[in-house]
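Understanding the architecture of this molecule
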Amino acid sequence: MNKLERITDIALPVIGGSIVGLLSTKNAKKDYQDFKQPAFSPPKEAFGIVWPILYTTMGIARTITKSSRKDSSKNAYLYNSQLGLNYLWSILYFRFKLRGTALIESYALFASVLLTTVAFYKTNKFAGLLLVPYVVWTAYATYLNAGFVALNHDKEEYAEDI
């Protein structure tokens, strides 16, 4: 694996996440303030700090597994699936305001992230450990999604599908 491939693997989730964020989260900060928040909600600024770090560690973990003799097509499939589900969640939740659908999708995302982490850990322990904060954050994000839905489901302006 050459240097350009490594840089591309690390940059891809960061750039993809940034593009999806720009296209789908135009009103996210306003929405975050306008609706009832579940307990333990972070300040809105936290998302802009956490996600680039998580996307970077995803890319690093994938680069490590790709460099391993133990890498498999299963790792690529799991990684690409969780990344696609990650991007899809923002589009469902923010762009289309399908908050209930996004909640269901977030459970699938969490399962996908967990499976990816386990597969990466089996390939390279360090790569798997790099994804642990992503597992934790995805669980937390699912909690937040569920909390927002529970607290705001009766507001017509909150969601299209609840």
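So, how was this worked out
- Residues numbered from 1 in each chain as written.
- Predicted model: local features only at pLDDT ≥ 70, side-chain atom pairs only at ≥ 80, totals over all residues.
- Heavy atoms only, no water.
- Helix = DSSP H or I, 4+ residues; strand = E, 2+ residues; numbered from the N terminus.
- Rg over C-alpha atoms; globule rule 2.2 N^0.38 Å.
- Buried < 20%, exposed > 50% of the residue type's maximum accessible area, 1.4 Å probe, protein only.
- Contact = heavy atoms within 4.5 Å.
- Areas by Shrake-Rupley, 256 points an atom, 1.4 Å probe, with all protein chains shown as cover.
- Lys, Arg positive; Asp, Glu negative; His and termini not counted.
- Charge placed at Lys NZ, Arg CZ, Asp CG, Glu CD.
- UniProt positions renumbered as here; feature names shortened; annotations may be inferred.
- Axes fitted to C-alpha atoms, helices over the stretch in contact; angles between N-to-C directions.
- Parallel < 35°, antiparallel > 145°, perpendicular 65-115°, else oblique.
- Left-handed = near helix turned anticlockwise from the far one by under 90°.
- Nonpolar A, V, L, I, M, F, W, Y, C, P; charged D, E, K, R; others polar.

The helix and strand inventory of the protein stands at 7 helices and 0 strands. By the compact-globule yardstick of 15 Å for 162 residues, the protein fits well, its C-alpha radius of gyration being 16 Å. Each principal axis of the C-alpha atoms in the protein carries an extent, and together these give about 50 × 25 × 25 Å. Expressed as a percentage of the 162 residues in the protein, the buried residues total 43%. Look at the contacts in the protein between residues 6 or more apart in sequence, and 76% of them connect residues 24 or more apart. As presented, the protein carries roughly 9,000 Å² of accessible surface, and 67% of it is formed by carbon and sulfur atoms. The distance from the centre of the 18 positive side-chain charges to the centre of the 12 negative ones in the protein is 11 Å.

Turning our eyes to something else, we now look at the UniProt feature "transmembrane region" (unreviewed entry) in the protein. What UniProt calls "transmembrane region" (unreviewed entry) maps, in this numbering, to residues 77-96, 102-121 and 128-151. Here residues 77-96 is 95% helix and 0% strand, with 27 Å between the C-alpha atoms at its ends. Annotated as 96% helix and 0% strand, the span residues 128-151 places its first and last C-alpha atoms 35 Å apart.

Another point: the packing of helix α1 (residues 3-24) against helix α4 (residues 73-95). Relative to each other, α1 and α4 sit at 15°, their axes nearing to 9 Å. In terms of orientation, α1 lies roughly parallel with respect to α4. Crossing of α1 over α4 shows right-handed handedness. Between α1 and α4, the contacting residues are D9, L12, P13, G16, G17, V20, L23 and S24 on the first element and Y79, L83, Y87, S90, I91, F94 and R95 on the second. Of the residues assigned to the contact of α1 with α4, the class counts are 9 nonpolar, 4 polar and 2 charged.

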